[in-house]
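Fold and geometry: a report
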Amino acid sequence: MAIYETLNSDKLTVVLDIGTVYTKFGFAGEFAPRNIMKSTVRCKRTDRLRRIWDYESPEDLYDLLVEFIHVIYFKYAILSPKDKPIIIVESLLCPTLFRETLAKVLFSHFEISMMLCLPSHLVSLASMAVDTALVVDVGYKEAVVIPICHGLPMLQAWQALPLGAQAIHNKVRQLLGSNNTGIQNLGEDVMEDIKVRCCFVTEKSRALQFASEKPSIQFCPDVKYPIGGTESIIVSGKVREKAFEILYEEDNDHLCLSTMILDAILQVDINLRQLLAENIFLIGGTAMTAGFKARLKEELEGQLENERYGKLHLKKLAFHSPPCKENYAAWLGGAIYGATELLNMRAVTKEIYFKEKRLPDWIHLSETSRNL
Amino acid sequence: MSYITGPDVVKYACTCGLLKPISYLYFCRYCTQLRCSFCVCHEVDSNFCGKCSENIPSSEARSKKNRCGNCYICPSCEQELSPRVASSKASAEGDEKVAARKMYYLFCQFCRWSSRDVGIPDQSSVTGGWPERENVHANSLHELLDLDKAIVLAQKQQQEKDKKKQRGKFISYTDRTGVTAAALRKRIGLPADLTHPLLKSKPKEPEPMVARTEVEKLPDDIFTKPINLMEITTINQRLLQPEAQPTTVDKLFPVHKQLSIKRTLRCRTCEHNVSKPEYNPSSVKFKIQLFAYYHVPEVRIVTVEPLRAGKPCELILKFTNPTQHQTTISFEELNLVECSEIEENKFSELVQNLSIQDKQPLSLSNQSSGSLSLSSRSPSIVVKPRTITKSTNCTVEIPTSSFILLPRDDAAEYDDSGDTHSIQDDPKLVKWRKSNKAFVRLTVTPDEGLPLNTEVNCGFVMQHLYTNTISGQLEKKEPQKYDHKVKVFLTLGVTVGSE
Ligand SMILES: [Zn+2]
Ligand SMILES: [Zn+2]
Ligand SMILES: [Zn+2]
Ligand SMILES: [Zn+2]
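Since the structure is predicted, the reported quantities are computational estimates derived from the model, not experimental observations. (Residues numbered from 1 in each chain as written. Chains lettered and ligands numbered in written order. Predicted model: local features only at pLDDT ≥ 70, side-chain atom pairs only at ≥ 80, totals over all residues. Heavy atoms only, no water.)

1. A look at the overall build of chain B
Within chain B, the regular secondary structure consists of nine helices and 24 strands. Expressed as a percentage of the 499 residues in chain B, the buried residues total 41%. Counting only carbon and sulfur atoms, one obtains 51% of the accessible surface of chain B, whose full area is about 28500 Å². (Helix = DSSP H or I, 4+ residues; strand = E, 2+ residues; numbered from the N terminus. Buried < 20%, exposed > 50% of the residue type's maximum accessible area, 1.4 Å probe, protein only. Areas by Shrake-Rupley, 256 points an atom, 1.4 Å probe, with all protein chains shown as cover.)

2. Re the confidence of the model for chain B
Residue and element names in this part refer to chain B. Confidence in the prediction of chain B, expressed as mean pLDDT, is 78, and 75% of residues score 70 or more. Within the model, the stretch residues 91-95 combines pLDDT values under 50 with two contacts to residues more than four positions away or in other chains. Within the model, pLDDT remains below 50 along residues 167-203, and this stretch shows 34 contacts once partners closer than five positions in the same chain are excluded. Interface predicted TM-score (ipTM) for the complex: 0.91; the corresponding pTM is 0.86. (pLDDT = per-residue confidence, 0-100. Contact = heavy atoms within 4.5 Å.)

3. Observations concerning the side chain of Gln237 of chain B
Residues and elements named next belong to chain B. Relative to the assigned elements, Gln237 resides in helix α7 (residues 235-239). The class of Gln237 is buried, set by a relative accessible area of 11%. Polar contacts involving the side chain of Gln237 include one to the main-chain carbonyl oxygen of Ser76, which spans 2.9 Å. Polar side-chain contacts of Gln237 include one of 3.0 Å to the backbone nitrogen of Thr234. Not counting the four nearest positions on each side in its chain, Gln237 is found in contact with Pro75, Ser76 and Leu252. (Polar contact = N/O pair within 3.5 Å; in protein donor to acceptor, adjacent residues only side chain to side chain.)

4. Quick look at the coordination of the zinc ion (ligand 2)
Note on the zinc ion (ligand 2): its protein donors are Cys49 of chain B (SG), Cys52 of chain B (SG), Cys68 of chain B (SG) and Cys71 of chain B (SG). The metal-donor distances range over 2.2 to 2.3 Å. Here Cys49 of chain B falls in the buried class, since its relative accessible area comes to 0%. (Donors = N, O, S within 2.8 Å, 3.2 Å for Na, K, Ca; no water.)

5. A few points about the pairing of strand β7 (residues 114-119) of chain A
Remember that side chains alternate between the two faces of the sheet whenever the strand is regular. All names here are of chain A. A large share of β7 lies buried, amounting to six of its six residues. Burial along β7 is two-sided: the residues Met114, Leu116 and Leu118 and Met115, Cys117 and Pro119 are all buried. Note that strand β6 (residues 85-90) and β7 share six bridges and pair parallel. By the bridge assignment for β7, Val89 is matched with Leu118. (Pairing = 2+ DSSP bridges.)

6. Focus on the nonpolar core
Core analysis: the biggest nonpolar cluster contains 88 residues, and Met115 of chain A together with Tyr12, Phe319, Phe403, Met462 and Leu490 of chain B have the highest contact counts within it. A total of 12 residues in this core trace back to one element, the largest contributor, which is helix α2 (residues 58-77) of chain A. Each residue touching Met462 of chain B, except ones within four places of it in the same chain, is listed here: Tyr12, Val296, Pro297, Val299, Phe319, Ile329, Ser330, His484, Lys485, Val486 and Val488 of chain B. With 59 residues, the next largest nonpolar core counts Cys149, Val190 and Phe319 of chain A together with Val215 of chain B among its residues. (Core = buried A, V, L, I, M, F, W, Y, C linked by side-chain atoms within 4.5 Å.)

7. Re the coordination of the zinc ion (ligand 1)
All names here are of chain B. Taken together, Cys14 (SG), Cys16 (SG), Cys36 (SG) and Cys39 (SG) make up the protein donors of the zinc ion (ligand 1), found 2.2 to 2.3 Å from the metal. Spacing between the donor residues of the zinc ion (ligand 1) along the chain follows C-x1-C-x19-C-x2-C. With a gap of 23 residues between them, Cys16 in the loop between β1 (10-13) and β2 (19-20) and Cys39 in the loop between β4 (33-36) and β5 (40-48) connect regions that are remote in the sequence. Both residues of the pair, Cys16 and Cys39, belong to the buried class.

8. Concerning the side chain of His109 of chain A
Residue position: His109 of chain A is located in helix α3 (residues 96-109). For His109 of chain A, a relative accessible area of 9% translates into the label buried. Not counting chain neighbours up to four residues away, the residues in contact with His109 of chain A comprise Tyr62, Val66 and Lys104 of chain A together with Phe38 and Arg268 of chain B.

9. So, the sheet that holds strand β23 (residues 455-468) of chain B
Residues and elements named next belong to chain B. The sheet built from six strands is open, its strands ordered β2-β1-β24-β23-β16-β20 with antiparallel pairing. Each edge of the open sheet is held by one strand with a lone partner, namely β2 and β20 (403-405). Summarising the sheet, strand β16 (residues 327-332) and β20 pair through three bridges and their orientation is antiparallel. Across the sheet, the residue bridging to Ile329 is Phe403, located in β20.

10. Section: the pairing of strand β2 (residues 22-27) of chain A
All names here are of chain A. Burial analysis of β2 places six of its six residues in the buried class, the great majority of the element. Side chains Tyr22, Lys24 and Gly26 of β2 all project onto a buried face; the interleaved residues Thr23, Phe25 and Phe27 project onto the opposite face, where all are buried too. Two strands pair when backbone bridges link them, and strand β1 (residues 14-18) and β2 are joined in this way by five bridges, in the antiparallel orientation. Of the residues in β2, the one forming a bridge with Leu16 is Phe25. If you look at the hairpin formed by β1 and β2, you'll find three residues sitting between the two strands. Across four bridges, β2 lies against strand β3 (residues 35-38) in antiparallel orientation.

11. Re the environment of Pro226 of chain A
Checked against the element boundaries, Pro226 of chain A lands in strand β12 (residues 223-227). Of the residues examined, Pro226 of chain A reaches a relative accessible area of 48% and is grouped as partly exposed. For the pair formed by Pro226 of chain A and Leu343 of chain A, sequence separation is 117 residues and the distance between their alpha carbons is 48 Å. Excluding its chain neighbours within four sequence positions, the residues that come into contact with Pro226 of chain A are Glu231 and Ser232 of chain A together with Leu229 of chain B.

12. Structural notes on the domain arrangement of chain A
Residues and elements named next belong to chain A. Annotation of chain A at the domain level lists domain 1 (5-124 + 326-371), domain 2 (130-163 + 247-312) and domain 3 (165-246). Distance from the C-alpha centre of domain 1 to the C-alpha centre of domain 2: 27 Å. With 15 residues of domain 1 at the interface, the matching set in domain 2 holds 21 residues. Across the domain 1/domain 2 interface, buried area totals approximately 1600 Å², and carbon plus sulfur atoms make up 72% of it. (Domains from an automatic or database assignment. Buried area = accessible area lost by both parts, 1.4 Å probe.)

13. Some remarks on the packing of aromatic side chains
Taken as a whole, this structure holds 20 aromatic pairs over all chains when the rule is applied. Ring geometry for Phe25 of chain A against Phe27 of chain A: centres 5.5 Å apart, planes inclined by 75°, an arrangement best described as edge-to-face. Overall, the relative accessible area of 0% leaves Phe25 of chain A in the buried class. Among the aromatic residues, ring-to-ring pairing joins Tyr26, Phe286, Phe291, Tyr293 and Tyr294 of chain B into one connected group. Sitting over the ring of Tyr105 of chain B, Arg116 of chain B keeps its end group 4.1 Å from the ring centre. (Phe/Tyr/Trp six-rings, centres within 6.5 Å; stacked < 30°, edge-to-face > 60°. Lys NZ or Arg CZ within 6 Å of the ring centre and 35° of its normal.)

So, in structure tokens, the structure goes:
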């Protein structure tokens, strides 16, 4: 511990990964975020909590970000942002409006000295010293698959589906409603807590049984979940085992979590496919659920037996286990790269920003990031 | 303060374009402009622990990850933990040697969590020695970090070398990251350079992690064993310890308390402080406090006649002079469109006058030890003020005459001998006055055709004579007087029906 602290004592670089629900905050060169907090700010007018990503207009987003970044610096980082560098870990699919507004807030309101944006899928590999992997990020709004080959994100192969925590929370709510009353009045945070504490991803054989007409097995035991001290609801075994099934229910286009992963592999060069299949890397909070990896493997193997993916001829599937929790794997990559000279080489400085008035595009960045 | 000044029916327009009640505004005496928390530069002044009220130097705060070394919060409910003396069994048995040593454990008075719940042994000292959890991956991650640093550094050196080469008009086409090989690879559909030529110079390379084919299975008993929710942590308890994120309560460890800060606020235009707290954590006083409340006359609504669309009604406002100097107040019509244009012109002038090069980096020698490594700071960026979006739906009849506000005199507050001022007031304008306060009558007319129960907003520009004592002292001249204009917005209430 002491080693990197002395290295960094002269320069503290904030590393931020602003997720839809949770923001990971910490300093470059450290191996875990200092804080994981909700990406919300309290609205001064209405006194209600608002999610940053629920912005209504660019001006609205600007004000939300000012408030949010202020709290990060003065409550958590305990650091004056002026003339300090910052590292932002962001999705390659991050909307331009969000990136540009964030840059504007950081440079003109907080007067930071430089800003380095790192693509989350790419840098999440940093903690494992591999440069080729199929990165599957299961976040809140969606699951995004991007293959990384020799340190280069294969952007033409990306896949995204709205299969994330949000879909699961809705499923939990729907399933709970069948044997409880008043579920609609409970907040999403309750759904999240029920999901995290009670639910898991069940085995494929059991899922098939439950889907059949007369299941020969029973759901796992029910749980009595207290609400507000005096009341309680029943979280049935059905809810516990079926909430995550939504990830593998094929939609109208026959797409689900397992098919999108294989579709992404299909999109890359034939010589790289086997290598990617042997380097599957799951990140994002949803991937931390018990049984997630085991079930995904079963589902992928099942899909490979279908004609649709048989042509892939994949012999083996293998999964990485990062030296961290999946929900901050991308942040950790940012923290590792942030401690290198990369910051001084690639960051957008205040001078460049005010000259150009905008950030360079990802296309531009991804070309130069090959050697990452 | 909100119980004195609230509800926020009177708002002032800050120079940056935001509307705020006067208690939220600052007044920079050097710029004679209003400032607010949005348009000033915030800086960390000092760190302290809110529980033990201990000032922590910033170097120590950094090494302790912005947390207090001695105070802990409950990993279960996030309240503060307090040390408790363990009732020693040894003393009951009469063993004097052991009885002399008190043992402590941490206890939460809110949810009754204790450090004994998770098997942390009792400690012999109140303040410390509580075991810390280590990151099991720290060593391998260290190696990685060192390697990445080396790679990137080598890249940087390579880049610089390349630059030099090019400058010398000597461009090599056949170096190791050669164009030909890369082009070839691209043609056959492979990404360009595969091997990292720079890696070879690195003596030690951590093993790349190998992905596994066998994955963690669900525990067998998960399908049959009932779960006890009391043993499973909530999402908040997990995220309170980001590194470990324990899923069961027996792995919860006490969490060091996050430090708090005191902030210094600095005007971005002139780099002077508008607020600077005292260093002592338990002091709530300020070294510098340029609150607008002490410099700009306060406006309050006293009474307003029932508001009817299109009908004039009487509005009584109270003006208070907070300064030690007599001031004159006059009114101007509020013209938001024109205002923003003038503001914009003023801003571009300002930027020209204070372009970044012109502004001298300000030496911070008088700063407290909180920011020791900073010897100078780059000049602030002035953000363009935004246009005021608030709209009015009520006209104010602007009085042509002005009135005087006497200086504040604290002794006069207790003087009941009646008003002895000798001021000739316009009786139509000033209704009554006492010491530094004046009650002023205005006529307002809500717009024609406003529906019932519509909130009525009006505004005017208040011009007051501001006596600046600071510049006077500096140049040893008479105190300078400025006419300062503030846009004031009033929320009068809702329209009612005709009698
Ligand atoms: Zn302001
Ligand atoms: Zn303390
Ligand atoms: Zn507690
Ligand atoms: Zn100023």
